[in-house]
Amino acid sequence: ACAGYDETGGMTELVRTEAEQAVARLARHASMALWCGGNETVWGSEEWGWEDSLGDERTWGWGFYTNVLPSVVERLDPGRPYIPNSPWSTIEGALASSHESGPTHLWDTWNNRDYVTYRSSSPAFVSEMGWCAPPAFTTLRDALTEGGVRPDNPQVVHHMRAAEGMHKLARGIQPHFPATTSESDWIFHTQLVQADAQRVGAEWLRSRERNAGVIVWQLNDCWPVLSWSAIDSAGIEKPLWHALRSSFAPRLATIQPVTPGNAQHPSGPDGLTLTLVNDTGEVWDATVRLRRLGFDGVERASTTFTVRCDGDGVEAVRLTDEIAIPDVEEQEFIVADVDELRAVWAFVPHRRRRGPIAEWDARVEEGAVIVTAGSVVTELYL
């Protein structure tokens, strides 16, 4: 993964032996779909400037991915497909990072851009994408010996292992939340941006008929770290975990722009659609209730209709202007109730929304948490 590997000396036999053991051990699992020779090594050799350190005379692993590993798979698990690397293009002469075919890694978004730019991508399959955030407040607090749970605490920075990670966290928050000095707000805002980022990316990609799948990096952590995980090292689910449960459900209802806009105006210039994604084998005859609401809770417009989405299908319905165009974008949002599912669309990011301060109460009764809302409440995580 992610580096050049020497193919001289005894390395080839070591790699062959390890691959034989791994394939023999894993081939019996029904969930094994495909063998992949390596991660980001062909991509690295093509675009990461390795030739400056390796030169023309040194090997970097190409023979492993195109000869040694596929020969092991062919001999020990011949019924399973194999690809040399991820990302990988099946188009001859194309770069491994090409979005035109094969598995793609979407890291430019986290590394360089706002998460709404996931909607500028339409690859065939995404085998890696992710967004970073701190663990739960208690998990990070317990890992510190001094200082606060703040991005300027050197001990907090030590637990961030992404290159320029603290800068990228700050850049990711800026379009969506005002600056804060509160420890709890910093944790929650970064976690909420992480959840929103992967929800936006996953739901956009699932709404594209061309896209065949998305794998999010990553599930969990092995130490208290600021990372891309959905579950931290203490076993506590981040907001991301809850977002992914709905974004990857077998049936999805999502509101999407026809032509994607930017972070401040995500609706774009050409309106919105309600898109149903049905990964089950059964026809979905859905009853839809669409409402444009104010953050004061008052309904501005509504409509009800039915829509059919075939099994393993995608169905998009254009929203009428009455629903899709707000009177005052900072004060309104859209709610789509589709059978037991719900999709929400805000016309502006959190920092620009205008409405009453959220009022809510939570209590525990016989092991259940009862939450009562006294106003419009969004982004509530327990």
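Here the structure is shown first, and the text comes after it.
A short tour of the structure in this document, coming up.

**Digging into the nonpolar core**
In globular proteins that are soluble, nonpolar side chains generally tend to be buried together.
No. 1: Ranked by internal contacts, the top residues of the largest apolar core, which has 39 residues, are Trp-110, Tyr-115, Met-129, Leu-169, Trp-186 and Leu-226.
No. 2: Going through the elements one at a time, β4 (125-129), α8 (165-173), α9 (183-207) and α10 (239-247) are the ones with two or more residues in this core.
No. 3: Sort the elements by how many residues they give to this core and α9 lands first, with 10 residues.
No. 4: For Trp-110, the residues in contact, after removing those within four places along its chain, are Gly-130, Trp-131, Cys-132, Ala-162, Gly-165, Lys-168, Leu-169, Arg-171 and Trp-228.
No. 5: Core analysis: the second largest hydrophobic core is formed by 22 residues, Leu-272, Leu-274, Ala-324 and Ala-336 among them.

**Describing a negative patch on the surface**
No. 1: A contiguous patch of negative charge, built from Glu-51, Asp-52, Asp-56 and Glu-57, is present on the exposed surface.
No. 2: Its relative accessible area of 48% is what places Glu-51 among the partly exposed residues.

**Notes on the sheet that holds strand β6 (residues 272-278)**
No. 1: Read from one edge to the other, the open sheet built from three strands follows the order β5-β6-β9, with strand pairing classed as antiparallel. With partners counted over all chains shown, the strands left at the sheet margins are β5 (251-257) and β9 (313-318), one partner each. Within this sheet the neighbouring strands show an average axis-to-axis angle of 20°, counted without direction.
No. 2: The pairing of β6 with β9 spans six bridges and is classified as antiparallel. Across the sheet, the residue bridging to Val-277 is Val-314, located in β9.

**Here's the deal with α9**
No. 1: For α9, built from 25 residues, the straight-helix expectation of 36 Å at 1.5 Å per residue is met to within 8% by its first-to-last C-alpha distance of 36 Å.
No. 2: Counting buried positions along α9 gives 20 out of 25 residues, so the element sits mostly inside the fold.

**Section: the pairing of β5**
No. 1: Of all seven residues that make up β5, six are buried, and the element is covered over most of its length.
No. 2: Pairing of β5 with β6 involves seven bridges; the strand directions are antiparallel. If you follow Leu-252 over to β6, its bridge partner there is Val-277.

**A closer look at the environment of Thr-41**
No. 1: Inspection of the secondary structure assignment puts Thr-41 in helix α2 (residues 41-47).
No. 2: Leave out the neighbours within four places in its chain, and Thr-41 touches Ala-1, Cys-2, Ala-3, Tyr-5, Trp-50, Trp-60, Tyr-65 and Asn-85.

**What to know about the pattern of salt bridges**
No. 1: Taken as a whole and judged by the stated rule, the model has 16 salt bridges.
No. 2: Glu-332 is the partner of Arg-292 in a salt bridge, and the nearest nitrogen-oxygen pair spans 2.6 Å. Residue Arg-292 is found in strand β7 (residues 284-294), and its partner Glu-332 is found in strand β10 (residues 332-338); the two are separated by 40 residues along the sequence. Comparing Arg-292 with Glu-332 shows no difference in burial state: the two are buried.
No. 3: Arg-300 is the salt-bridge partner of Asp-296, the closest N and O atoms lying 3.1 Å from each other.
No. 4: Residue Asp-296 is classed as partly exposed on the basis of its relative accessible area of 46%.
No. 5: Linked through salt bridges whose partners overlap, the residues forming this network are Arg-291, Asp-337 and Arg-342.

**Focus: the packing of aromatic side chains**
No. 1: As enumerated under the stated definition, the model contains 12 aromatic pairs in all.
No. 2: Ring geometry for Trp-107 and Trp-228: centres 6.1 Å apart, planes at 80°, overall edge-to-face. Highlighted residues: Trp-107 in the loop between β3 (103-106) and α5 (108-112) and Trp-228 in the loop between α9 and α10, separated in sequence by 121 residues.
No. 3: Given the relative accessible area of 11%, Trp-107 is considered buried.
No. 4: Ring-pair connections join several aromatic residues into one group, and the members of that group are Trp-43, Trp-48, Trp-50, Trp-60, Trp-62, Tyr-65 and Trp-88.

**Some points on unusual backbone geometry**
No. 1: Backbone torsion omega between Ser-86 and Pro-87 reads 0°, so that peptide bond is classified as cis.
No. 2: As for its position among the elements, Pro-87 is in the loop between β2 (82-83) and β3.
No. 3: Cis peptide bonds are those with omega within 30 degrees of zero, and the linkage from Trp-217 to Gln-218 qualifies with 15°.
No. 4: Considering the arrangement of structural elements, one finds Gln-218 in the loop between α9 and α10.
No. 5: With a phi angle near 50°, Asp-339 is a residue other than glycine that sits in the positive phi range.
No. 6: Here Asp-339 is to be found in the loop between β10 and β11 (341-346).
No. 7: When its relative accessible area of 38% is taken as the criterion, Asp-339 is described as partly exposed.

**Section: the sheet that holds β7**
No. 1: Strands sit in the order β8-β7-β10-β11 across an open sheet of four strands; the sheet is antiparallel. Either end of the sheet is taken by a strand with one partner, and the two such strands are β8 (299-309) and β11. Across the sheet, the axes of successive neighbouring strands diverge by a mean angle of 15°, strand direction being ignored.
No. 2: Two elements, β7 and β8, share 10 bridges in a ladder whose sense is antiparallel. In the strand pairing of β8, Leu-290 is matched with Thr-303.

Definitions and limits used
Residues numbered from 1 in each chain as written. Predicted model: local features only at pLDDT ≥ 70, side-chain atom pairs only at ≥ 80, totals over all residues. Heavy atoms only, no water. Core = buried A, V, L, I, M, F, W, Y, C linked by side-chain atoms within 4.5 Å. Buried < 20%, exposed > 50% of the residue type's maximum accessible area, 1.4 Å probe, protein only. Helix = DSSP H or I, 4+ residues; strand = E, 2+ residues; numbered from the N terminus. Contact = heavy atoms within 4.5 Å. Patch = residues over 30% accessible without salt bridge, like charges linked within 9 Å, V, L, I, M, F, W, Y side chains within 5 Å. Areas by Shrake-Rupley, 256 points an atom, 1.4 Å probe, with all protein chains shown as cover. Salt bridge = Lys/Arg side-chain N within 4 Å of Asp/Glu carboxyl O. Lys, Arg positive; Asp, Glu negative; His and termini not counted. Charge placed at Lys NZ, Arg CZ, Asp CG, Glu CD. Pairing = 2+ DSSP bridges. Axes fitted to C-alpha atoms, helices over the stretch in contact; angles between N-to-C directions. Expected span 1.5 Å × (residues − 1). Phe/Tyr/Trp six-rings, centres within 6.5 Å; stacked < 30°, edge-to-face > 60°.

Note that every value here comes from positions in space, so none of it alone points to a role or purpose.
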